[in-house]
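An overview of the molecular structure
The lines below spell out each chain.
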Amino acid sequence: MRAAKVSALSKQLQLSMNEKKKLQASIKKIQSELEKQLKQNIQIKKRQISMSARDMAAANELQTNQTRYKELEVELINTRKQLSKEVSNSQQREEKIRRLMEKCKRYEEDLETMRKEQIECRKVTNESLYKPSIKSLEHQRSELMGVINKQTRLIDILKQQCLHAQAASRLACYEREFMTQRT
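Nothing here was measured: the structure is a model prediction, and the numbers come from that model.

Time to look at the overall build of the protein. Each helix and strand in the protein was counted, giving three helices and zero strands. When the helices and strands of the protein are listed from N to C terminus, the series reads α-α-α. By residue count, 25% of the 183 residues in the protein fall in the buried class. Residue pairs at least 24 apart in sequence account for 84% of intrachain contacts in the protein once pairs closer than 6 positions are excluded.

This is the structure:
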């Protein structure tokens, strides 16, 4: 069961890393588009210096390219911000999951130690002399099991939050693409 959780967490981590790579690829693409637009703007400005009044269509194209250039710069900045937020969120989630897993491991080790101690107590002494301590140990064991169950639920909640965050970021990307295609 633990291995399944670890593999699920590693799959989620892999998905996050893939998403990061996609965002980085889109940043590179936007940067190349920005460079193309900048080169086009420079060429158009050179032509505009030597052109006469009848070449106003080229001036309009320059204006359009400059507007597109500014839009692409804004989109690049937003994409970088989103990427840094996602990386930060991913790192925070990974750290929480790691700490929770360590806590669960410690609780499991404590539980196993208590079980061994309980077995040794039964072997060495008379059971009737230690019934109160056995009950307290059983009570502690039940508390530890409750804590482990709570930790497991928290891990599941963190996984759900991670999935929701990823879905929200994808939706924002799709929305941006749609808005840029509309304009």
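Now that the structure has been shown, the text picks up again.
Counting residues in hydrophobic clusters, the biggest one holds nine residues: Leu23, Ile27, Ile30, Leu34, Tyr69, Leu72, Leu76, Leu83 and Cys173. Counting residues per element, the ones that place at least two in this core are helix H1 (2–50) and helix H2 (56–124). Residue contacts for Leu76: discarding those within four places in its chain leaves Ile27, Ile30, Gln31 and Leu34. With six residues, the next largest nonpolar core counts Leu9, Ile97, Leu100 and Leu158 among its residues.

Counting through the fold element by element, Ser16 comes out in helix H1. On the accessibility criterion, Ser16 (14% relative accessible area) is buried. When sequence neighbours within four positions are dropped, the list of residues in contact with Ser16 reads Ser90, Cys162 and Gln166.

Residue placement: Gln151 occurs in helix H3 (residues 131–182). Overall, the relative accessible area of 8% leaves Gln151 in the buried class. In this view, Gln151 contacts Leu100, Lys103 and Cys104; residues no more than four positions away in its chain are not counted.

It is worth spelling out the pattern of salt bridges at this point. All chains considered together, the criterion is met by seven salt bridges. A salt bridge links Glu95 to Arg98, with the shortest nitrogen-to-oxygen separation between them at 2.2 Å. Residue Glu95 and its partner Arg98 are located together in helix H2, separated by three residues, close to a single helical turn. One network of salt bridges, with partners in common, ties together Glu95, Arg98, Arg99 and Glu102.

Take the environment of Lys5 next. Counting through the fold element by element, Lys5 comes out in helix H1. A residue is classified by how much of its surface remains accessible, and Lys5, at 16% relative accessible area, is buried. Considered as a pair, Lys5 and Thr152 are 147 residues apart in the sequence and their alpha carbons are 9.6 Å apart. What Lys5 contacts, discounting residues up to four positions off in sequence, is Thr152 and Lys159.

Moving on, we get to the environment of Ile134. Its place among the elements puts Ile134 in helix H3. Classification of Ile134 by relative accessible area gives buried; the value is 10%. A C-alpha to C-alpha distance of 10.0 Å links Ile134 and Glu117, two positions 17 residues apart in sequence.

To continue, consider the environment of Glu71. By the secondary structure assignment, Glu71 is in helix H2. Overall, Glu71 belongs to the partly exposed group, its relative accessible area being 38%. Measuring from C-alpha to C-alpha, the distance between Glu71 and Thr180 comes to 9.0 Å, with 109 residues separating the pair along the chain.

Procedures and definitions
Residues numbered from 1 in each chain as written. Predicted model: local features only at pLDDT ≥ 70, side-chain atom pairs only at ≥ 80, totals over all residues. Heavy atoms only, no water. Helix = DSSP H or I, 4+ residues; strand = E, 2+ residues; numbered from the N terminus. Buried < 20%, exposed > 50% of the residue type's maximum accessible area, 1.4 Å probe, protein only. Contact = heavy atoms within 4.5 Å. Core = buried A, V, L, I, M, F, W, Y, C linked by side-chain atoms within 4.5 Å. Salt bridge = Lys/Arg side-chain N within 4 Å of Asp/Glu carboxyl O.

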